[in-house]
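Overview (structure and organization)
Residues per chain are reported as follows:
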Amino acid sequence: MATLEKIRNKSVLLFVIIIVALLAFILGDFLTSGRTYFGSPTTVAKAGEATVEYNEYQNRISQAGEQMRQQGRDYSSDVLSQQVVQGLLIEKLFQNEYNTLGITVTDREITDAMTGANPHPAAQQMISYLSQMLQLPAADGRAVYDAIANPAKYSLTKEQGEQLRQIWANQEKELEAQMLSEKFSRLVAGLYTYNKLDAKAMYDDAAQTRHISYAVKDASGVSDEDAGFNADADAKAMWAQHKKEYAVSEPTREISYIYVAIEPSQEDRIAGQQAVEEAIVALNEKEGTEGVANNSRFVTNTVKVPASAITDAKLRSFVEESEAGTAKLIERNGDAYTIAKLLSVSQGIDSLQLAFAQVGPTVNADSIATLLNSGKTVAEIADGTTVGGQDEFWISLEAQSLDQKTKDALMNAAIGNAFVLRDTIQGTPVASVYKVKERHAPVKFYEIADIEYIVDPSSETLANLTGDLRTYTSNNSSAAEFSANGAENGYSILTDQITASSSQIGNARDSRRMIKWVMDAKEGQVSPIFQDDKQTYLLAVAVNDTYDDYIPYTSPAINTQVTTKARNSKKADKLMAEYNGKANTVEEYAQLMGVEVAEGDVNISSPILLSIGVNESALQGAIAAAEKDQVVGPVKGNRCVMVFKVTEINDNNRPMNDAEYGQRFTQLYSPLRGRTPLPLLLGNEKVDNRSLNFVQEIGE
């Protein structure tokens, strides 16, 4: 009883302890996982009313990754993931626009696009492929759909019919998205129509060439002091003037970082060279590749080829001049060594010319051989379904794709006599018909072991690199110290701007975990040391600044640009004040400026203005608007002032055509032309990219 009483007395205390522990667990998970309990934990990204959920994100990642693998393309999973996030956001934002504008695609439109007499271009390839697979006489969307609805009618199994149904459904979905996009694009294009003034302006810009005489004074000769240039104040004013150009669509972090490539030390390279030298000695002393058999650092590949198949001149010279059993270093490229060992030399048929026919299980292969022996060609016999093949191709008897049975048959076959070779693949009988048309005389075949060795950083080297960088970050634990003291400690300090949508930091592949740290860190923090999974680099990061609306003029990413623009502007203002109204002719202005009068042709549609530079819109606009023989200027450019006179206007014998130049105007100024649509679709909305919530923390 006494024990029970003690438990009762302490029950309230135990209850409080349990509740506190539970809350600590929940809050701890909330703070460390990056996922919110006050909203959907499955949301990957959000922009306005557009939301990307985890399941659709994962499905799209899988589809895109598989496509890239099939195409043999190298890709970073981090790059792909952010491309998928942005692509899905764009799709969702477009769908919102379609809903707002009432743009739809009806079932009737989809049906006509898939089964009509003139299928939509986006569906034609699929319909053609399925029609061929069903052995239809011609591409026919209606017949393909009939096969999906009645698979037995086309001798299809239930599983094959279901597979066709899935292909058809996926195509319908893709086609609907394509047709919605086309309707939206036509609607937007209709909002940007030209008038006669637009067409004439386009004609003047594109078709006309204006010959000018001009004098240009470069602003670089004016000192900062004479121009009254104040670096901070004038850069800030220039930034404010162009503030909209520096808006950010999502929270941004300004970072400094140190990237240390994990490379072999000098000691590692000396040890690697010694290992290679010892391997060559062992290979020359022992049979085959026994000399490196117990060292996994040496990667061996064996081939048997004639000299004519060896494209590397050094290797070819080695095998032709060496005895069997000889090993030699063929090439060294940085830290990569290539050793070759000549294992054996033999006689063999280099290649032979064949006619070849593959026949289906319902075809009598012997009859095909008889036809070939009677003078028929494979092209005459082939029907594209049950019989196919080639009349002439060369093949090496040493080709790895040939099994021994086929090699023996081709070696012993009489030239000009077709024969049948039967085999079984996974229990299914198959038959091939061969006809040897020509056989090369025997040549030498060389069996070669190609042995690769790469010097990797040792564990000691990695420990030293890591220890040195960790010491630096410990001694420079604020962002200001991190950035200021790198050079004197042998580190290059790099900079970048990072958002949750960044696929990597600088050139550091697979660095999304570090990006997660950056986006969660506070201004001034220095990161722990990060090492990528492939052990190719070390990374340390400091967060210098955080931006939510605009990149400030103090940001290293734009400060130099803004300061230079402001400096040039102030210097040009000084020249404008010095020359404005002080002369009447181009020649007089040139004398005042201390420059020579020059001449040149200007086409306003070109982004380059003579030898002055690019994007000189103020100067080009003044030239385009000037009357012939009128002295204009001084006109302020980006880095100079200019006085000019249009002496000749040449339309290049091109007549004015409203429709032609109006269409050019529409194409040039359409808001969707050559631009990513995301900023246009976002408007004033921000991107809330939460994909970092699904990335591991550093050290997990």
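Just so it is clear, the structure is predicted and the values come from calculations on it, not from any experiment. (Residues numbered from 1 in each chain as written. Predicted model: local features only at pLDDT ≥ 70, side-chain atom pairs only at ≥ 80, totals over all residues. Heavy atoms only, no water.)

The final tally for this structure, using the stated rule, is 15 aromatic pairs. For the pair Phe419 and Tyr434, a centre-to-centre distance of 5.9 Å together with 25° between the ring planes defines the contact as stacked. In this pair, Phe419 is assigned in strand S10 (residues 418-425) and Tyr434 in strand S11 (residues 428-439), connecting sequence segments 15 residues apart. Assessed through its relative accessible area of 11%, Tyr434 is described here as buried. Site record: aromatic cluster; members linked through ring pairs are Tyr54, Tyr57 and Phe694. When the ring centre of Tyr550 is taken as reference, the NZ or CZ atom of Lys243 above it lies at 4.5 Å. (Phe/Tyr/Trp six-rings, centres within 6.5 Å; stacked < 30°, edge-to-face > 60°. Helix = DSSP H or I, 4+ residues; strand = E, 2+ residues; numbered from the N terminus. Buried < 20%, exposed > 50% of the residue type's maximum accessible area, 1.4 Å probe, protein only. Lys NZ or Arg CZ within 6 Å of the ring centre and 35° of its normal.)

The subject of this paragraph is the environment of Asp533. Within the secondary structure, Asp533 is located in the loop between strand S14 (530-531) and strand S15 (537-547). Linking Asp533 and Arg509, residues 24 residues apart in sequence, is a C-alpha distance of 10.0 Å. In this structure the side chain of Asp533 is engaged in a polar contact, spanning 3.2 Å, whose partner is the side chain of Arg513. (Polar contact = N/O pair within 3.5 Å; in protein donor to acceptor, adjacent residues only side chain to side chain.)

This part is about the pairing of strand S20 (residues 640-650). As paired elements, strand S3 (residues 209-218) and S20 share ten bridges and run antiparallel to each other. Along S20, the bridge assignment pairs Thr209 with Asn650. As consecutive antiparallel partners, strand S19 (residues 631-636) and S20 are separated by three residues. (Pairing = 2+ DSSP bridges.)

Here we take up the sheet that holds strand S12 (residues 442-454). Taken together, four strands build an open sheet; the order of strands is S5-S12-S7-S6 and the sheet is antiparallel. Each of the sheet's edge strands pairs with one partner strand only, and the pair in question is strand S5 (298-306) and strand S6 (327-333). Taken over all neighbouring pairs, the strand axes of this sheet differ in orientation by 25° on average, direction set aside. Pairing analysis gives six bridges linking S6 to strand S7 (residues 336-349), with the strands arranged antiparallel. (Axes fitted to C-alpha atoms, helices over the stretch in contact; angles between N-to-C directions.)

On to the packing of helix H2 (residues 54-70) against helix H3 (residues 77-101), then. Where H2 contacts H3, the two axes come as close as 10 Å, and the packing angle between them is 120°. One way to sum up the angle between H2 and H3 is to call them oblique. For H2 against H3, the interelement crossing comes out right-handed. Packed against H2, whose contacting residues are Glu56, Tyr57, Arg60, Ile61, Ala64, Gly65 and Met68, the element H3 presents Leu80, Ser81, Val84, Val85, Leu88, Glu91 and Lys92 at the interface. (Parallel < 35°, antiparallel > 145°, perpendicular 65-115°, else oblique. Left-handed = near helix turned anticlockwise from the far one by under 90°. Contact = heavy atoms within 4.5 Å.)

Across the sheet, four strands lie side by side as S13-S4-S15-S14; this open sheet has antiparallel pairing. Both outer strands of the open sheet, strand S13 (494-498) and S14, are each paired with one neighbouring strand and no more. In terms of strand pairing, S14 meets S15 through two bridges, oriented antiparallel. Note on S15: the bridge partner recorded for Phe530 is Leu539. Sheet contacts for helix H16 (residues 459-475): strand S4 (252-261), S14 and S15; angle to S15, the most-contacted strand, approximately 25°.

As a further point, take the packing of H3 against helix H7 (residues 158-191). Where H3 contacts H7, the two axes come as close as 11 Å, and the packing angle between them is 65°. The orientation of H3 relative to H7 falls into the category roughly perpendicular. Every pair of crossing elements has a handedness; the one defined by H3 and H7 is left-handed. Packed against H3, whose contacting residues are Phe94, Gln95, Glu97, Tyr98 and Leu101, the element H7 presents Leu180, Ser181, Phe184 and Leu187 at the interface. For the contact of H3 with H7, a count of residues per class yields six nonpolar, two polar and one charged. (Nonpolar A, V, L, I, M, F, W, Y, C, P; charged D, E, K, R; others polar.)

In this model, the protein carries an average pLDDT of 85, and 91% of its residues clear a pLDDT of 70 or more. The weakest mean pLDDT in the protein belongs to helix H1 (residues 2-33) at 41; the strongest belongs to H16 at 96. Across residues 1-39, confidence stays below pLDDT 50; counting only partners more than four residues off in sequence or on other chains, it has 15 contacts. (pLDDT = per-residue confidence, 0-100.)

Take the side chain of Thr499 next. Structurally, Thr499 is set in the loop between S13 and helix H18 (512-520). Residue Thr499 is classed as buried on the basis of its relative accessible area, which comes to 14%. Of note is the side chain of Thr499, whose polar atom sits 3.4 Å from the side chain of Glu250. A distance of 3.0 Å separates a polar atom in the side chain of Thr499 from the backbone nitrogen of Ser501. Look past the residues within four positions of Thr499 in its chain and what remains in contact with it is Glu250, Pro251, Thr252, Ile515 and Met519.

Considered for burial, the residues of helix H10 (residues 231-241) that qualify are Asp234, Ala235, Met238 and Trp239. One side of H10 holds all its buried residues, which, seen down the axis, span an arc of 140°. Buried positions along H10 lie against helix H19 (556-579). (Arc of directions from axis to C-beta.)

In total, this model carries 20 salt bridges according to the counting rule given. Put simply, Arg316 and Glu320 hold a salt bridge, and the shortest N to O gap is 3.5 Å. Taken together, the positions of Arg316 and Glu320, both in helix H12 (residues 313-321) and four residues apart, correspond to about one turn of that helix. For Glu320, a relative accessible area of 45% puts it in the partly exposed group. Where Asp549 meets Lys686, a salt bridge forms, and the shortest distance between an N and an O atom there is 3.9 Å. A residue pair is termed long-range when its members are at least 10 positions apart, and Asp549 in the loop between S15 and H19 and Lys686 in the loop between helix H23 (678-682) and strand S21 (687-689) qualify at 137 residues. Look at Lys686 and you get partly exposed, because its relative accessible area is 35%. Connected through shared salt-bridge partners, Asp224, Arg567 and Lys571 make up one network. (Salt bridge = Lys/Arg side-chain N within 4 Å of Asp/Glu carboxyl O.)

Right, let's get into the environment of Val541. Looking at where Val541 falls in the secondary structure, it is placed in strand S15. Of the residues examined, Val541 reaches a relative accessible area of 0% and is grouped as buried. The spacing of Val541 and Asp335 is 206 residues in sequence and 29 Å in space, taken between C-alpha atoms. Those residues within four positions of Val541 in sequence are excluded, and the remaining contacts are Ile255, Ser256, Tyr257, Phe482, Ile505, Met514, Trp517, Val518, Gln525, Val526 and Ser527.

All buried positions along helix H21 (residues 617-625) are accounted for by Leu619, Gln620, Ala622 and Ile623. For H21, the angular spread of buried residues about the axis comes to 160°, placing them on one side. Turned more than 90 degrees from where H21 packs its buried face, Ser617 and Ala625 sit exposed. Taken together, the buried residues of H21 touch S3, strand S16 (598-602), strand S17 (608-609), S19 and S20.

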